[in-house]
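Coordinate analysis (summary)
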Amino acid sequence: MTDEQKFLFDLNGFLVLEDVIPAHECEQIKDQIFKMKFTPELLPEEERCVPGGHLAQLINPPKVVAVLNTLLGPHVRMDYGYVIWREKGGRHPMDLHHGGPTPEPMFRYFNSNGNIYSGMLRVVYEFNDVEAGDGGTCFLPGSHKSNYNVPQSMVSLKNGEQSPFLHHITCKKGSAIIFTENVAHGGPIWQNEGKPRVSAFFSYNHLGMQFHKPGFNTAVLNSLTSDQQQYFRPIWMYDFENDKPNF
């Protein structure tokens, strides 16, 4: 990460990387997500679930890996993943969530001796342009470091009730939005009737932490390259018999 990226991530709790996925690959991924949602029988088994098929390239793009390794360390595992195809009127089921102090170690965020330490990170890939007023992912900047819980008066994502302090992400297709899980975030109602929101959401932890239940399809994992499979290693445990860690 550059010094500017570190500053912006620490300031806001999120970072937008452009040109992560080439345009022609975005179209291939959109086609796969459409079939996953509406006609999965047209896909081979290993392409019906995250992160199989064209989605596999989202596991470790170099620009994203540079951020993951800076914020989580060199031993990173993918914790969870899902995709959305959201037409106008659709939204995330939750209002603005997280932010403020948390007892959960996998969500904590702190800075020490010039280094950022983040718990779970989310990476959101957008495969259509997200423009102002569309209803893309939004954040309450800086809330990942707040000493106070987000007031209830600020959590609504309904039209006309949103906090004026929310920052709504706009970006070109092929962009990746990376954020610490503890920044207050949400997905308001999608407003663009001319195009759906088509996205993939991946979660990453340090190899020694796990938040979601393991559930990746075996056929999908077997279809990945060896470099990609490294992100699905078992959670780290110390091997006392051989006196060494298992990563």
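Here, the structure is the one placed above.
As the structure is a computational prediction, the values presented were derived from the model and not from experiment.

If you check helix 2 (residues 23-38), its first and last C-alpha atoms are 23 Å apart, about what 16 residues at 1.5 Å a residue would give, namely 22 Å. Buried within helix 2 are the following residues: Cys26, Ile29, Lys30, Gln32, Ile33 and Met36. Looking down the long axis of helix 2, one finds its buried residues gathered within 170 degrees of arc, a one-sided arrangement. Buried residues along helix 2 sit in contact with strand 2 (76-86) and strand 10 (197-206).

Here we take up the sheet that holds strand 10. With antiparallel pairing, 5 strands are arranged side by side in an open sheet as 1-8-5-10-2. Edge positions in the sheet fall to strand 1 (14-17) and strand 2, since each of these pairs with one other strand and no more. Taking each pair of neighbouring strands and ignoring which way they run, the sheet shows an average axis angle of 20 degrees. With 4 bridges joining them, strand 1 and strand 8 (residues 176-180) adopt antiparallel strand pairing. Along strand 8, the bridge assignment pairs Val16 with Ile177. Of the strands in this sheet, strand 1, strand 5 (121-126) and strand 8 touch helix 1 (residues 3-12), which is tilted by about 135 degrees from strand 1. In the packing of helix 3 (residues 62-72) onto the sheet, contacts are made with strand 1, strand 2, strand 5, strand 8 and strand 10, and the angle to strand 5 comes to roughly 165 degrees.

With respect to the element layout, Glu181 can be found in the loop between strand 8 and strand 9 (185-186). Judged by relative accessible area, Glu181 falls into the buried class, the value being 2%.

With omega at 0 degrees, the peptide bond leading from Val50 into Pro51 counts as cis. Residue placement: Pro51 occurs in the loop between helix 2 and helix 3. Here Asp19, not a glycine, exhibits a phi torsion of approximately 55 degrees, which is positive. For Asp19, the position within the fold is in the loop between strand 1 and helix 2.

Here 3 strands make up an open sheet; going across it, the order is 7-6-9 and the pairing antiparallel. The open sheet has two edge strands with one neighbour each: strand 7 (167-168) and strand 9. Relative to strand 7, strand 6 (residues 138-139) is paired through 2 bridges, and the arrangement is antiparallel. Counterpart to Cys138 in the pairing with strand 7 is His168.

Below, the discussion takes up the nonpolar core. One finds Leu55, Leu58, Val64, Tyr125, Phe127, Phe202 and Tyr204 to be the most contacted residues of the largest nonpolar core, which totals 39 residues. If you list the elements that add at least two residues to this core, you get strand 1, helix 2, helix 3, strand 2, strand 5, strand 8 and strand 10. Broken down by element, the residue count for this core peaks at 6 residues, all from helix 3. In this structure, Ile84, Val130, Ile177 and Trp190 belong to the second largest nonpolar core, which totals 12 residues.

This part is about the environment of Pro51. According to the relative accessible area criterion, Pro51 is buried, its value standing at 0%. In this structure, the C-alpha to C-alpha distance between Pro51 and Lys173, residues 122 residues apart in sequence, is 19 Å. Contact partners of Pro51, with chain neighbours within four places excluded, come to Ala56, Ile59, Phe202, Phe216, Val220, Leu224 and Phe232.

Quick notes on the rules
Residues numbered from 1 in each chain as written. Predicted model: local features only at pLDDT ≥ 70, side-chain atom pairs only at ≥ 80, totals over all residues. Heavy atoms only, no water. Helix = DSSP H or I, 4+ residues; strand = E, 2+ residues; numbered from the N terminus. Expected span 1.5 Å × (residues − 1). Buried < 20%, exposed > 50% of the residue type's maximum accessible area, 1.4 Å probe, protein only. Arc of directions from axis to C-beta. Contact = heavy atoms within 4.5 Å. Pairing = 2+ DSSP bridges. Axes fitted to C-alpha atoms, helices over the stretch in contact; angles between N-to-C directions. Core = buried A, V, L, I, M, F, W, Y, C linked by side-chain atoms within 4.5 Å.

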